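Reading the structure
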Amino acid sequence: MPKKKQDQAAVPVVMPGELRVQPATVVTPQDVPAGKPDLAKAGINLAQWVLVILAGFIVIAIAVLIWEEERNLSLMENGYSQLMANDVNAEAKETAKEVMLQFDAQRKTFREYWMQFSQMILLNLLLPVLTAILGYVFGRAEVATSD
């Protein structure tokens, strides 16, 4: 029992009439600078346009390759049908085979050129620009949140 009396004596008892309240301090918020463009939003819009350009380039490159392959395949089919005709002599067949081989080599060269050109534009031009823009936007957003 003596311990309880000591514990009760250590805790101050506050009566309702003795409640002390400190006055609140007035805080005014800082003014937001007006007229500054939202750079993060502008960066995201720019990144979206770069993605649209990138997608458009990919679609055009694929369309050119498909168109050229379709055209080449129809020419090759006509050449093979003429090659297999019975009324053609052996010398004409050999010449047609050589032409078809050269045509096939030219088709492969064209395809390789467009593939290399597409890779060069995508990997050396558009993707680095997109990466730089997105890095700026998200880097700026991270700095803004840590302030």
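Note that the structure is a prediction, hence the values are computed from the model and not measured.

Rules and cut-offs
- Residues numbered from 1 in each chain as written.
- Predicted model: local features only at pLDDT ≥ 70, side-chain atom pairs only at ≥ 80, totals over all residues.
- Heavy atoms only, no water.
- Salt bridge = Lys/Arg side-chain N within 4 Å of Asp/Glu carboxyl O.
- Helix = DSSP H or I, 4+ residues; strand = E, 2+ residues; numbered from the N terminus.
- Buried < 20%, exposed > 50% of the residue type's maximum accessible area, 1.4 Å probe, protein only.
- pLDDT = per-residue confidence, 0-100.
- Phe/Tyr/Trp six-rings, centres within 6.5 Å; stacked < 30°, edge-to-face > 60°.

**Points about the pattern of salt bridges**
Following the criterion strictly, the structure yields five salt bridges and no others. Put simply, R111 and E69 hold a salt bridge, and the shortest N to O gap is 3.1 Å. Within this pair, whereas R111 is found in helix 3 (residues 90-146), its partner E69 is found in helix 2 (residues 39-83), the two being separated by 42 residues in sequence. Take R111: its relative accessible area is 30%, and that puts it in the partly exposed class.

**Remarks on the confidence of the model for the chain**
Taken as a whole, the chain shows an average pLDDT of 77; of its residues, 76% reach a score of 70 or greater. Within the chain, helix 2 carries the highest mean pLDDT (84), whereas helix 1 (residues 2-10) carries the lowest (52).

**Points about the packing of aromatic side chains**
Counted according to the given criterion, the structure contains five aromatic pairs. Summarising the aromatic geometry, the rings of Y113 and F117 are spaced 6.1 Å apart at their centres and angled 15° between planes, so their arrangement reads as stacked. Here the residue Y113 and the residue F117 both occupy positions in helix 3, the gap between them amounting to four residues, near one helical turn. Look at F117 and you get partly exposed, because its relative accessible area is 26%. Members of the aromatic cluster, connected to one another through ring pairs, are F57, F110, Y113, W114 and F117.

**Let's talk about the environment of L51**
Of note, L51 is situated in helix 2. Given a relative accessible area of 43%, L51 falls into the partly exposed group. Each C-alpha atom of the pair L51 and L130 lies 7.4 Å from the other, and the pair is 79 residues apart in sequence.

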